[in-house]
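# Examination of the molecular architecture
Residue-level listing of the chains:
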Amino acid sequence: MNDPRAAVEPAAAVSVPEAVSALDEPGRGRQGRSGGRGAAFGPVALVVAGGLSVQFGAAVAVLLMPKAGALGVVTLRLAAAALVLLVVCRPKLRGHSRADWGTVVAFGVAMGGMNTLFYQAVDRIPLGAAVTLEVLGPLVLSVIASRRLANLVWAALALCGVVLLSGGGFDRLDPVGAAYALGAGVMWAAYIVFSARTGRRFPQADGLALAMVVAAALSLPLGIMEAGSKLVVPSTLGLGIAVALLSSVLPYTLELMALRRLPAPTFAVLMSLEPAIAAMAGFLILDQALSATDALAIALVIGASMGAVRSRTRGPHKQ
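What you are looking at is a predicted structure, and each value in this text was computed from that prediction instead of being measured. Residue positions are counted from 1 within each chain, in the order its sequence is given. Only residues with pLDDT of 70 or above have their local features reported here, since the model is predicted, and side-chain atom pairs are shown and tallied only from 80 upward, although totals for entire chains, interfaces and linings are computed over all residues. The side-chain quantities take in all heavy atoms of the structure and omit both hydrogens and water.

## Considering the packing of helix H5 (residues 127–134) against helix H12 (residues 274–286)
- Lines fitted to C-alpha atoms define the axes, with helix axes restricted to the stretch in contact, and inter-axis angles between N-to-C directions lie between 0 and 180 degrees. A run of H or I in DSSP becomes a helix once it reaches four residues, and a run of E becomes a strand once it reaches two; helices and strands are each numbered from the N terminus. Running from N to C, H5 and H12 cross one another at 165 degrees; their axes reach a closest spacing of 7 Å. Classified by the interaxial angle, the pair formed by H5 and H12 is roughly antiparallel. Where H5 crosses over H12, the two elements pack in a sense that is right-handed. Residues Leu127, Gly128, Val131 and Thr132 of H5 lie in contact with H12, whose contacting residues are Glu274, Pro275, Ala278, Ala279, Ala281 and Gly282.
- Residue type decides the class: Asp, Glu, Lys and Arg count as charged, Ala, Val, Leu, Ile, Met, Phe, Trp, Tyr, Cys and Pro as nonpolar, and the leftover types, Gly among them, as polar. When its residues are assigned to classes, the contact of H5 with H12 shows six nonpolar, three polar and one charged. Each angle receives one of four descriptions, namely roughly parallel if under 35 degrees, roughly antiparallel if over 145, roughly perpendicular if within 65 to 115, and oblique otherwise. The sense of a crossing depends on the near helix, which, turned anticlockwise from the far helix by less than a right angle, makes the crossing left-handed and, turned clockwise, makes it right-handed. In this description, contact between two residues means that some pair of their heavy atoms is separated by no more than 4.5 Å.

Given below as structure tokens:
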């Protein structure tokens, strides 16, 4: 969700950034010739593990919200993740153009906005519903980018899922929470665009580390205003670091490892499962049970996301 992942983080639930799809093509070819099914299972397991880490991290963040508030949790997550990435990546600050810095700042703004809006959403509506609504942003982006009539069918299927999830009106979910989740989806789409551009302009994960600093700096005043000294309470700080590791550092690492051996379209299809993983995390950790209608709604959005990815990747082969 949720939470953030494409140049080295999320390739998005339904839209594959160019930076991701270009990763390690030769390695993929070698594995395809000799690895077999057993070798292919490894990177799939890494992606699933990354998705589990992200969504269970989001569930832990919900538990932390009574102590630090939604904005405080965002600040703790982004600040801790920024520190870790700065230490690991040690990005170079010199030698970048004004356009490079503009791109990385836009990436950071999108990342910070996505996190802030998403955590505001899960503070008001169930985690599974929030991720389902959020994933509409990448889905719409995929439909627009593909320019294929078939993808309108997937968009309509996703819309049916959203109508089911809302029960015919978002008042059942809390309209403010639903609006935050949809806003997070818009920012996720922006995140995908700028993560790809950042990946082309900065080596390794340097751009991600710098963008994370921008996002943390933007969230810091909001977090201090809402939580104040609560942010440095040892138990709160410890949980915040756990959320950062679960929702950012660990999944980024697992997904980057997976992308070196897994075709990007397959990766994107697997990312489409995140609403289901989020619903499971909400049930197991937060006791957020789903009705049969909610489960069907989530299944429709997941199906639409997978269909959009497969439709988009088939297009070039037909031409």
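## Considering the packing of aromatic side chains
- Stacked, edge-to-face and tilted labels apply to pairs of Phe, Tyr and Trp rings (six-membered ring for Trp) whose centres lie within 6.5 Å, assigned for plane angles under 30 degrees, over 60, and everything in between, in that order. What the rule picks out here adds up to three aromatic pairs.
- Relative to Phe202, the ring of Trp101 has its centre 6.3 Å away and its plane inclined at 70 degrees; by these criteria the two rings are edge-to-face. Taken together, the positions of Trp101 in helix H4 (residues 98–122) and Phe202 in the loop between helix H8 (175–201) and helix H9 (206–227) put the pair 101 residues apart, joining distant regions of the chain.
- A 1.4 Å probe rolled over the protein chains alone gives each residue an accessible area, and that area as a share of the maximum for its type sets the label: buried under 20%, exposed over 50%, partly exposed in between. Since its relative accessible area comes to 29%, Trp101 is described here as partly exposed.
- When the ring of Phe107 is compared with that of Tyr191, the centres are 5.0 Å apart and the planes differ by 55 degrees; the resulting orientation is tilted. Placement of the pair is Phe107 in helix H4 and Tyr191 in helix H8, with a sequence separation of 84 residues.
- Given a relative accessible area of 0%, Phe107 falls into the buried group.
- Put simply, a charge is over a ring when the Lys NZ or the Arg CZ is close to the ring centre, within 6 Å, and near the line of the ring normal, within 35 degrees. In this arrangement the basic side chain of Arg197 is found over the ring face of Phe194, its NZ or CZ atom lying 5.3 Å from the centre.

## Structural notes on the nonpolar core
- In this description, a nonpolar core means a group of buried Ala, Val, Leu, Ile, Met, Phe, Trp, Tyr and Cys residues linked to one another through side-chain atoms lying within 4.5 Å. Formed by 63 residues in total, the largest nonpolar core has its most connected members in Tyr119 and Leu127.
- Examining the composition of this core, we find that 17 residues originate from one element, helix H3 (residues 36–89), more than from any other.
- Sequence-distant contacts of Leu127, that is, excluding residues within four places in its chain, are made with Gln55, Ala58, Ala59, Phe118, Val122, Ala278, Ala281, Gly282 and Gln288.

## Section: the packing of H4 against H9
- The interhelical angle for the contact between H4 and H9, taken along N-to-C directions, is 55 degrees, at an axis separation of 7 Å. With respect to their mutual orientation, H4 and H9 come out oblique. Every pair of crossing elements has a handedness; the one defined by H4 and H9 is right-handed. Two secondary-structure elements touch here, H4 through Trp101, Val104, Val105, Phe107, Gly108, Val109, Met111 and Gly112 and H9 through Gly207, Leu208, Leu210, Ala211, Met212, Val214, Ala215 and Leu218.
- Class assignment of the residues belonging to the contact of H4 with H9 gives a composition of 13 nonpolar, three polar and no charged.

## Let's talk about the environment of Glu226
- Structurally, Glu226 can be placed in helix H9.
- Here Glu226 falls in the partly exposed class, since its relative accessible area comes to 38%.
- Sequence-wise, Glu226 and Leu71 are 155 residues apart; in three dimensions their C-alpha atoms are separated by 6.6 Å.

## Side note on the pattern of salt bridges
- A pairing counts as a salt bridge when a side-chain nitrogen of Lys or Arg comes within 4 Å of a carboxyl oxygen of Asp or Glu. Applying the stated criterion across every chain yields a total of one salt bridge.
- For Asp100, the salt bridge identified is with Arg201, shortest N-O distance 2.6 Å. Residue Asp100 is located in helix H4, and its partner Arg201 is located in helix H8; the two are separated by 101 residues in the primary sequence.

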